[in-house]
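Structural characterization, general
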Amino acid sequence: MGDAGSSRPEDRKLSAISVVEPVDRAIQAMRYKDWRGLHRKQWAAIQATRMHPRAEVLMGGTGMGGKSHGERSAAFWWALRLVLDGFSTPKKRRKILFAGGDYPSLKDRHFAHFVAEYGEFGDLRTNDKEYGNCFKFQDPAMPVICFRNLDDQRNRRGSEFCVGIGDELTELSKDQVAAFDYMVRDPEVPYSPKLWGSNPDGIGHFRVKAKFRPLEAMALPPVWLDEEEPYNGVVFQAEGPLPEEVDPMGGIEPSSLFYVPFLPEDNPMFDEAVFLRNIASLPIHVQRARRFGTWDSPEGARFPLASFETQGFDAKDLWHAGMPDHFAKHCSVDYGTRAPFAAIWWAVDYDKNVYVYREEYRAGMTATDQVRRIVERTADGERLESFLGDLAMFHKVANHTGVEDFYPSEEYRKAIEGDDRFRCGFEPAEKPHRVLRWALLDRYLARDNGFPDLFISRECVNLWREIQNAVHPKGTAAKDASEDIDERCPDHALDALTYGLWQHFGAAKSGRSRETAAKAQEEREHRDELKARRKALRDIERI
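Definitions and limits used
- Residues numbered from 1 in each chain as written.
- Predicted model: local features only at pLDDT ≥ 70, side-chain atom pairs only at ≥ 80, totals over all residues.
- Heavy atoms only, no water.
- Phe/Tyr/Trp six-rings, centres within 6.5 Å; stacked < 30°, edge-to-face > 60°.
- Helix = DSSP H or I, 4+ residues; strand = E, 2+ residues; numbered from the N terminus.
- Buried < 20%, exposed > 50% of the residue type's maximum accessible area, 1.4 Å probe, protein only.
- Lys NZ or Arg CZ within 6 Å of the ring centre and 35° of its normal.
- Axes fitted to C-alpha atoms, helices over the stretch in contact; angles between N-to-C directions.
- Parallel < 35°, antiparallel > 145°, perpendicular 65-115°, else oblique.
- Contact = heavy atoms within 4.5 Å.
- Nonpolar A, V, L, I, M, F, W, Y, C, P; charged D, E, K, R; others polar.
- Pairing = 2+ DSSP bridges.
- 1 Å grid on protein atoms, 1.4 Å probe; cavity = no way out; pocket = protein on both sides within 12 Å on 5 of 7 lines; lining within 4 Å.
- Points joined across faces, edges and corners; volume = space filled by probe spheres on them.

Thoughts on the packing of aromatic side chains
Applying the stated criterion across every chain yields a total of 30 aromatic pairs. Taking the centre distance of 4.4 Å and the plane angle of 35 degrees together, the rings of F76 and Y118 count as tilted. With F76 in helix α3 (residues 67-84) and Y118 in helix α4 (residues 103-118), this residue pair connects regions lying 42 residues apart in the sequence. Each member of the pair, F76 as well as Y118, carries the same accessibility label: buried. Note on F270 and F275: the rings are 5.5 Å apart at their centroids and 65 degrees apart in plane angle, and the pair reads as edge-to-face. The residues F270 and F275 share a single accessibility class, namely buried. Positioned over the ring face of F161 is K95, at 5.0 Å from the centre of the ring.

Structural data, given as structure tokens:
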């Protein structure tokens, strides 16, 4: 696997890196490092970045495993590698991206450590005229390690980097990851590796799990890097195509993705008794995630009881002859045009257990297209007991054609008129504060609490993505956080489901009813009509 492991002198010191030629200095540094300060998984992760021209490696797992040190070492190793390969020279100095979700976290986790670990090679600089915040090597041939805050994507967003090192992937939003990916490109260099470090917690939990598929990867034999090296057996790779929601255009090669699990015991200083005592006050699912690096649910999960294995079902396996006729079937909708709209079909049995059996989830659709899709997907003979919509649909909105304002609800009502499956009509769902709806969902997700249970079809991938990706607001501990979810978490399918649940099982207990919601809607429409009349009178007066 190249020059890095070809020589391992035990007595070489940093002062030995004092020869004249930059390439010789790089070779001496790489051999010295022998990367003796790294454990086998850190070294394996670095080597895995060389296994594909566009390799993307996730160092995933628990705290104390050494991911942060691995990230810094990877940045230094690739700086040397770019010199050795002839791509970084004094005349053409390359750049390495070292990015985090926000500047304070990046500074706290890495700046002082860069100085301590590599201070003899260069300086940590802030607001450098050419490179901004960076670690600049004294050797003019060595690449510059540039620190970037992905919270401010406008800052130097046009920059190009040969290599990308990212910190805490699950804490980043989808837009932040997209900004990172876009910057890791250099047309003059034939490779663009990326290395991520991340715990299972955070808003990006489901997205990261769907991309790297750690559970599936670790069920397969490990990838062999070099049979002569001690880092064998710790790099894993999932097989088969990626889910459509992760790679809708098929641009990511599964063979370029690697996973290296990090655990506390990988750290030579790990003391299990002390570690377990320190996490004893946390919820049990958080303790499991921090101790064993599990990817069942994110640390800080708002709905930790949601389990694909426990609540998930396959309709064909559950009902061989189809869903029983006596089940009451419903559909509820969360409205959106630029943002996704979500429609959720769910059924209730005699014991009031709820089965979510179908979803529709798309962005960029008009109200007319949305309801047309709902009608198409509702099966023949499937008569709905209720068809409920987001209250926003019963307010006037700007017409997408620009002609006049309209009520989205009216478009829905026109489309289902005369359709026997929708004899219930299209009605507004009551919309209490969402914390109340999340609390109702908690009761349905719990088991053996004297309350009916909730089951979700495994084909409802977007609802599963949202419910498993939902976390408490950032910066609060899971055990005492507010009962809301982080505002950056998508919640369209969750809203659609809980509108229906609240209307049928929560509103009655709060003293509100469908008739109350309908009456409130009539009052709103009356106010809208009066407002329109006043505007018309003002226009006449101006004439």
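Quick word on the packing of helix α13 (residues 434-445) against helix α15 (residues 492-506)
One way to put it is that α13 packs onto α15 with a least axis distance of 9 Å and a crossing angle of 80 degrees. As far as their axial angle goes, α15 and α13 are roughly perpendicular. Residue-level inspection shows L436, R437, W438, L440, L441 and Y444 of α13 in contact with α15, the latter providing L494, D495, L497, T498, Y499, L501, W502, F505 and G506. For the contact of α13 with α15, the residue count by class is 11 nonpolar, 2 polar and 2 charged.

A closer look at the sheet that holds strand β12 (residues 354-362)
Taken in spatial order, the 7 strands line up as β9-β15-β12-β11-β10-β13-β14 in an open sheet, and their pairing is mixed. Strands with a single pairing partner mark the edges of an open sheet, and in this sheet they are β9 (312-313) and β14 (427-428).

Topic: empty space enclosed by the protein
Within this structure, the stated rule accounts for 2 cavities of 30 Å³ or more. The calculated volume of the second largest cavity comes to roughly 30 Å³. What lines the second largest cavity is G100, G101, D102, S105, R109, D167, E168 and E171.

Looking at unusual backbone geometry
Non-glycine residue R213 carries a positive phi angle of around 50 degrees. Looking at the element boundaries, R213 is found in the loop between α6 (205-212) and α7 (214-218). Judged by relative accessible area, which is 9%, R213 ranks as buried. Here K352, not a glycine, exhibits a phi torsion of approximately 70 degrees, which is positive. If you trace the backbone, K352 turns up in the loop between β11 (341-348) and β12.

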